[in-house]
Amino acid sequence: MDDKEAKAVEQVYAHAERLGVPLRKHVKETRKITANNPVGFDFICERGGTKELLLSIIDSARFGYDAPDTLFGFLAGCVARRSGFKSSFREIGLGASMHIQIGDSLCNAHIDTIGIAPARDNKANNLYDFSKIVEHWDRDLRPELGPLKHFDVTVLRGQSEVTGTKEFGAILSVKKKF
């Protein structure tokens, strides 16, 4: 692990600790470290650690769940599921926010530059601010999406139902950049 990767790992650990998630204690081995956007890493949990990690995320009350039984939760968690993770949790907020994805033993923790979940409902499922989804796509997702990284999204802006700000983003078209 080089210095840049070591700093990225430490940044994720520190962010998780500020949120009440003792991530460091659950990580047995780090894998695939991303020092650029989004900063984070894949990791293997200690035996039985995924359950403890999940409980610490829930106990922190600072995360919401990308519930796959809701349309937007399904869409928000689809990249995590495509990568083999079973559940996806996002830090509540619109700025830089932690995203933790949990599998059987392989997990991922990274810091998205754009948070898309400013609140959660009474079941701890994320509520999404659609005005932030395009920025999230551009800055955080597109680099991870392989062939889809060449697609662009056009939006129409208006009022957000979640935050009340005038930034609602509705996808009008998806076109391939040449």
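Because the structure is a prediction, the values reported are computed rather than measured.

Caption draft 1: Up close: the overall build of the protein. The helix and strand tally for the protein stands at six helices and 10 strands. Across the 178 residues that make up the protein, the buried fraction comes to 43%. Sequence separation of at least 24 residues holds for 49% of the intrachain contacts in the protein that already meet a minimum separation of 6.

Caption draft 2: Structural context of the pairing of strand 6 (residues 106-112). Counting buried positions along strand 6 yields six of seven residues, so the element is predominantly enclosed. In this structure, strand 2 (residues 39-45) lies alongside strand 6, joined through six bridges in antiparallel fashion. Paired with F43 across the bridge in strand 6 is C107. Note: strand 5 (residues 97-102) against strand 6, six bridges, orientation antiparallel. In the strand pairing of strand 6, M98 is matched with I111. What sits between the antiparallel neighbours strand 5 and strand 6 is a turn of three residues.

Definitions and limits used
- Residues numbered from 1 in each chain as written.
- Predicted model: local features only at pLDDT ≥ 70, side-chain atom pairs only at ≥ 80, totals over all residues.
- Heavy atoms only, no water.
- Helix = DSSP H or I, 4+ residues; strand = E, 2+ residues; numbered from the N terminus.
- Buried < 20%, exposed > 50% of the residue type's maximum accessible area, 1.4 Å probe, protein only.
- Contact = heavy atoms within 4.5 Å.
- Pairing = 2+ DSSP bridges.

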